[in-house]
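Summary of structural features
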Amino acid sequence: MAGQQPPRFQPRFDEGPGWETMAEDLQYANPYLQVYLTRVRTPSRPEGSLWTVVHRKSAVVIAPMTPDGSFLLIRQERIPIRAAIWEFPAGQIDTPVQSAEAIHSTASRELLEETGYELGSGGEWVPMGRYFSSPGFTDENCHLFLARGVVPSAAGAKPDEHEAIQEVRAFSPADLRQMVASGEIRDANTLTAFARMCALGFI
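Residues numbered from 1 in each chain as written. Predicted model: local features only at pLDDT ≥ 70, side-chain atom pairs only at ≥ 80, totals over all residues. Heavy atoms only, no water.

1. Some points on the environment of H104
For clarity, the threshold we go by: Numbering of helices and strands starts at the N terminus; helices are DSSP runs of H or I of at least 4 residues and strands are runs of E of at least 2.
Following the sequence through the fold, H104 ends up in helix 1 (residues 100-115). Linking H104 and T38, residues 66 residues apart in sequence, is a C-alpha distance of 32 Å.

2. Considering the nonpolar core
Applied cut-off: To form a nonpolar core, buried Ala, Val, Leu, Ile, Met, Phe, Trp, Tyr and Cys residues must be joined to one another through side-chain atoms within 4.5 Å. Working definition: with a 1.4 Å probe on protein chains only, accessible area under 20% of the residue-type maximum means buried, over 50% means exposed, and in between means partly exposed. Whether two residues touch is decided by their heavy atoms; if any such pair falls within 4.5 Å, the residues are in contact.
Within the largest apolar cluster, 22 residues are counted, with the highest numbers of intra-cluster contacts made by V61, F71, L73, F88, L146, L176 and M197. Broken down by secondary-structure element, the contributors of at least two residues to this core are strand 4 (59-65), strand 5 (71-78), strand 8 (117-132), strand 9 (141-152), helix 2 (173-182) and helix 3 (188-200). At 4 residues, strand 4 tops the list of elements feeding residues into this core. If near-sequence neighbours (up to four positions away) are discounted, L176 is found in contact with F71, L73, F88, I185, F194 and I203.

3. A few points about the sheet that holds strand 3 (residues 45-56)
The pairing of strands in a sheet comes from backbone hydrogen bonds and takes either a parallel or an antiparallel form. Applicable threshold: Criterion used throughout: strands pair if DSSP finds at least two bridges between them. For helices, the fitted line uses only the C-alpha atoms of the stretch in contact; every axis is such a line through C-alpha atoms, and the angle between N-to-C directions lies from 0 to 180 degrees.
Taken in spatial order, the 3 strands make up an open sheet running 1-2-3, and their pairing is antiparallel. Looking at the sheet topology across the chains shown, the edges are occupied by strand 1 (20-29) and strand 3. The mean angle between the axes of side-by-side strands here comes to 20°, regardless of whether they run parallel or antiparallel. In terms of strand pairing, strand 1 meets strand 2 (residues 33-42) through 8 bridges, oriented antiparallel. Note that in strand 2 the partner of T21 across the bridge is V40.

4. What about the packing of aromatic side chains?
This is how the line gets drawn: Ring pairs shown here join Phe, Tyr and Trp side chains whose ring centres sit within 6.5 Å, with only the six-membered ring taken for Trp; geometry is labelled stacked below 30 degrees between planes, edge-to-face above 60, and tilted in between.
Per the stated rule, a full pass over the model turns up 3 aromatic pairs. Here the aromatic rings of F71 and F88 are separated by 6.3 Å at their centres, their planes lie at 55°, and the arrangement is tilted. Taken together, the positions of F71 in strand 5 and F88 in the loop between strand 6 (83-87) and strand 7 (90-92) put the pair 17 residues apart, joining distant regions of the chain. Note on F71: relative accessible area 0%, which makes it buried.

5. Comments concerning helix 3
The cut-off we apply is this: Helix span is expected to be 1.5 Å times the residue number reduced by one.
Counted at 1.5 Å a residue, the expected span for helix 3 with its 13 residues is 18 Å, and the 18 Å between its end C-alpha atoms agrees. What helix 3 keeps buried is the set N189, T190, T192, A193, F194 and M197.

6. As for the side chain of Q34
Inspection of the secondary structure assignment puts Q34 in strand 2. By relative accessible area, which is 3% here, Q34 ends up buried.

7. Some words on unusual backbone geometry
Phi is positive for R82, which is not a glycine, with a value near 55°. Summarising the element assignment, R82 is placed in the loop between strand 5 and strand 6. Here R82 falls in the exposed class, since its relative accessible area comes to 69%.

8. Some words on the pattern of salt bridges
Worth spelling out the cut-off: Throughout this description, the term salt bridge denotes a Lys or Arg side-chain nitrogen within 4 Å of a carboxyl oxygen of Asp or Glu.
Taken as a whole, this structure holds 8 salt bridges when the rule is applied. Ionic pairing is found between E20 and R41, a salt bridge with its closest N-O pair at 2.2 Å. Of this pair, E20 sits in strand 1 while R41 sits in strand 2, and the two are 21 residues apart along the sequence. Residue classification places R41 among the partly exposed residues on the basis of a relative accessible area of 26%. Salt-bridge contacts for E140 lead to R56; the nearest nitrogen and oxygen are separated by 3.2 Å.

Dropping the structure here:
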């Protein structure tokens, strides 16, 4: 499969002065990721540096807040770590164009599918920026949202066939903080969303 170049999940990030992609060789690809062996010229390495890069679709991470101020977490099985852990709902953006409409549509879909909740009357989506999940090997970036005022949906939860969500539960802000402090919450998306909410004064 090496040498084939499938359509990219998202445009490459702008290459500023001193940065240049010299070569890319596809090593593996599936519907969720693409692995390339790349040679990139950087400001400190003008001769080029060989690097393995995993390209992934952009994603959304949602911190769902109920009208009483509690936060919804899902307990989901994660095969790579052989454990089920507490997380905020999240999911990849499948559209090739990362428009604001596509991002919000994905956030609404993932919230409903994974928790069975939706934004209630008077609720609001609060954008909290984005972050890179692990920039040492992947260009995956996640858009963070606070979904304020979520309520149970008549449609109920409809997890993706590849997901194994064991439980959906509401936690108080104090409980959430304690779970972060104790290390019970270990998911990077959830930890980042929590930190961003703290920095913005939402929790």
